Amino acid sequence: MNSNITSQLWITSFPLWHFVLRAGIVYTSVLLLLRLGGKRQIGQMGAGQFVAILLISNAVQNAMNGGDNSITGGLVLAAVIIGLSVLVAYMMFKSKKLEALFQGEPTILIHRGEIIQGNLKKELLNIHELKTILRRQGLHNLDEIAEAVLESNGSLSVIRKSEFPGFQSITSKVDK
């Protein structure tokens, strides 16, 4: 009887190709939905966004496993998700168009020391959130910043005015 229970742990309720298809559809859908959510959702996740990610994973679980709780089904799903992740990374490495589709493009938030309000709005960031992100990087004064770019992975790259030789001479030439 014990061996019967143990063997049932490995028997799937559906053919294996169902798991592959389900995992592929859900993986692609969630990837695209996260992309639509914006760079900020991934790189600068707050408590609300973190909860949303947890709930999404719970919501799509049954769509992937179709109610099958076998070890085999779980392992197949895990292997398919990892395989798709590697495949997407390879495809993005090979194709800049796919990289732009899946990752997006960097967005300049501060240029030549000036905040670009339109880009903040596009990324659903307000000035207080930008200042919070900058403080995490040890920048407490906006006057210190020459350039700030929200990268496609959600991180913020910053160039200080002190790291940009000739910054003052460039801005004074532009201002004239």
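Each remark here, short or long, concerns the structure printed above.
Because the structure is predicted, anything quoted here is derived from the model rather than measured.

Thresholds applied
Residues numbered from 1 in each chain as written. Predicted model: local features only at pLDDT ≥ 70, side-chain atom pairs only at ≥ 80, totals over all residues. Heavy atoms only, no water. Helix = DSSP H or I, 4+ residues; strand = E, 2+ residues; numbered from the N terminus. Buried < 20%, exposed > 50% of the residue type's maximum accessible area, 1.4 Å probe, protein only. Contact = heavy atoms within 4.5 Å. Areas by Shrake-Rupley, 256 points an atom, 1.4 Å probe, with all protein chains shown as cover. Pairing = 2+ DSSP bridges. Patch = residues over 30% accessible without salt bridge, like charges linked within 9 Å, V, L, I, M, F, W, Y side chains within 5 Å. Salt bridge = Lys/Arg side-chain N within 4 Å of Asp/Glu carboxyl O.

J.: Describe the overall build of the protein chain, with residues and values.
T.: Each helix and strand in the protein chain was counted, giving nine helices and four strands. N-terminal to C-terminal, the α/β element order of the protein chain is α-α-α-α-α-α-β-β-α-α-β-β-α. Out of the 176 residues in the protein chain, the part that is buried amounts to 25%. In the protein chain, once contacts between residues fewer than 6 apart in sequence are set aside, the share between residues at least 24 apart is 62%. Carbon and sulfur atoms provide 63% of the accessible area of the protein chain, an area that totals close to 11400 Å².

J.: Can you explain the pairing of strand S3 (residues 145-150)? Please cite residues and give values.
T.: Two faces make up the sheet, and in a regular strand the side chains alternate between them. Among the six residues of S3, six are classified as buried, and the element is accordingly described as predominantly covered. Across four bridges, strand S1 (residues 107-111) lies against S3 in antiparallel orientation. Paired with Thr 107 across the bridge in S3 is Leu 150. Pairing between S3 and strand S4 (residues 156-160): five bridges, direction antiparallel. Looking at the pairing, Ala 148 lines up with Val 158 of S4.

J.: Describe unusual backbone geometry, listing the residues and the values that go with them.
T.: Although it is not a glycine, Arg 112 adopts a positive phi angle of roughly 55 degrees. Relative to the elements of secondary structure, Arg 112 occurs in the loop between S1 and strand S2 (114-115). Judged by relative accessible area, Arg 112 falls into the partly exposed class, the value being 33%. Residues other than glycine seldom take positive phi values, yet Leu 124 does so here, at roughly 55 degrees. Residue position: Leu 124 is located in the loop between helix H7 (117-122) and helix H8 (127-136).

J.: Tell me about a nonpolar patch on the surface, residues and numbers included.
T.: Together, Leu 9, Trp 10, Ile 71 and Leu 75 make up an exposed nonpolar region whose accessible area comes to about 380 Å². Relative to the assigned elements, Trp 10 resides in the loop between helix H1 (2-8) and helix H2 (16-37). Since its relative accessible area comes to 44%, Trp 10 is described here as partly exposed.

J.: Outline the pattern of salt bridges, supporting the account with residue identities and numerical values.
T.: This structure, assessed with the given rule, holds three salt bridges. Residues Lys 96 and Glu 99 are paired through a salt bridge, measuring 3.2 Å at the closest nitrogen-oxygen approach. Placement of both Lys 96 and Glu 99 in helix H6 (residues 96-103) is noted, with a separation of three residues, approximately one turn of the helix. Owing to a relative accessible area of 29%, Glu 99 belongs among the partly exposed residues under this scheme. With a closest N to O distance of 3.8 Å, Arg 160 and Glu 163 form a salt bridge. Note on Glu 163: relative accessible area 49%, which makes it partly exposed.

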